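# Architecture at a glance
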Amino acid sequence: MADTEQTDETSETSETVRDTGAERKAARLARQIRAFADQHGGAECQVAYIGERGARIVLVGADGGWGDLVAPGYAIAEDAVKQAGITVHEEFDGEFAAKVRTGPYEWKRMAGIQLGGPRND
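Predicted model, so just to flag it, every value in this text is computed and none were measured.

Another aspect to go through is the overall build of the protein. Looking only at helices and strands, the protein features four helices and four strands. Scanning the protein from its N terminus toward the C terminus, one meets helices and strands in the order α-β-β-β-α-β-α-α. Taken across its 121 residues, the protein has 28% of its residues classed as buried. Counting only contacts in the protein whose residues sit at least 6 apart along the sequence, the fraction spanning at least 24 positions is 55%. Put simply, the protein shows about 8,800 Å² of open surface, and 51% of that area lies on carbon and sulfur atoms.

Below, the structure written as structure tokens:
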């Protein structure tokens, strides 16, 4: 019986350690999200599952600035945005995407490959 109790305590301890690690990651992401929001006059986001890598938090500031963070899991990302207290969109739809302001750098990165690439004659 003592062995069973020891095993249960060990399981509970390792579970607590895992939860604490996830909580710390979520808290760190929440701080980064709040810092982004402060810098851009507020922020909204969308959380997308990206497979084994976790979840991508796409941030869009009130000024149109944007950025993203990657969380090691979807639940951690959800917890982080909840802690940060920002609006979360279910989808990156047209209305939300229209808030993003891109500059010359982004246009070069997105279209520059096609514009400067080899011709298909």
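More follows now that the structure is in view.
Residues K25, R28, R31 and R34 make up a contiguous surface patch of positive charge. Relative to the elements of secondary structure, R34 occurs in helix α1 (residues 2-39). Residue classification places R34 among the partly exposed residues on the basis of a relative accessible area of 34%.

Counting residues in each nonpolar core, the largest one holds 20 residues, and the members touching the most others are I33, C45, V47, I57 and L59. Where this core is concerned, the elements lending two or more residues are α1, β1 (43-49), β2 (55-61), β3 (66-71) and α2 (74-84). In terms of residue count, the dominant contributor to this core is α1 (six residues). Not counting chain neighbours up to four residues away, the residues in contact with L59 comprise I33, F36, E44, C45, G65, W66, G67, L69 and I86.

Hydrogen bonds between backbone atoms are what pair the strands of a sheet, whose relative direction is either parallel or antiparallel. The strand order across the open sheet built from four strands is β3-β2-β1-β4, with neighbouring strands paired in mixed fashion. Looking along the sheet, the strands with just one partner apiece sit at the ends: β3 and β4 (87-89). Ignoring strand direction, the axes of neighbouring strands in this sheet form an average angle of 30°. Strand direction decides the pairing type here: β2 and β3, joined by six bridges, are antiparallel. Paired with A55 across the strands is A71, a residue of β3.

It is worth spelling out a negative patch on the surface at this point. A surface patch of like charges, here negative, comprises D19, E23, E78, D79, E90, E91, D93 and E95. Those elements that place two or more of their residues in the negative patch are α1 and α2. Residue placement: E78 occurs in helix α2. By relative accessible area, E78 is classed as partly exposed at 42%.

On the secondary structure map, G64 appears in the loop between β2 and β3. Residues G64 and V100, spaced 36 residues apart in sequence, show a C-alpha to C-alpha distance of 4.5 Å. If sequence neighbours within four positions are ignored, G64 has contacts with K99, V100 and R101.

On to the confidence of the model for the protein, then. On average, residues of the protein score 81 in pLDDT, and 76% of them are at 70 or above. For the protein, helix α4 (residues 104-116) is the element with the lowest average pLDDT, namely 67, and α2 is the one with the highest, namely 96. Of the regions scoring below 50 in pLDDT, residues 1-17 engages in zero contacts with residues more than four places distant in sequence or in other chains.

Rules behind the numbers
Residues numbered from 1 in each chain as written. Predicted model: local features only at pLDDT ≥ 70, side-chain atom pairs only at ≥ 80, totals over all residues. Heavy atoms only, no water. Helix = DSSP H or I, 4+ residues; strand = E, 2+ residues; numbered from the N terminus. Buried < 20%, exposed > 50% of the residue type's maximum accessible area, 1.4 Å probe, protein only. Contact = heavy atoms within 4.5 Å. Areas by Shrake-Rupley, 256 points an atom, 1.4 Å probe, with all protein chains shown as cover. Patch = residues over 30% accessible without salt bridge, like charges linked within 9 Å, V, L, I, M, F, W, Y side chains within 5 Å. Salt bridge = Lys/Arg side-chain N within 4 Å of Asp/Glu carboxyl O. Lys, Arg positive; Asp, Glu negative; His and termini not counted. Charge placed at Lys NZ, Arg CZ, Asp CG, Glu CD. Core = buried A, V, L, I, M, F, W, Y, C linked by side-chain atoms within 4.5 Å. Pairing = 2+ DSSP bridges. Axes fitted to C-alpha atoms, helices over the stretch in contact; angles between N-to-C directions. pLDDT = per-residue confidence, 0-100.

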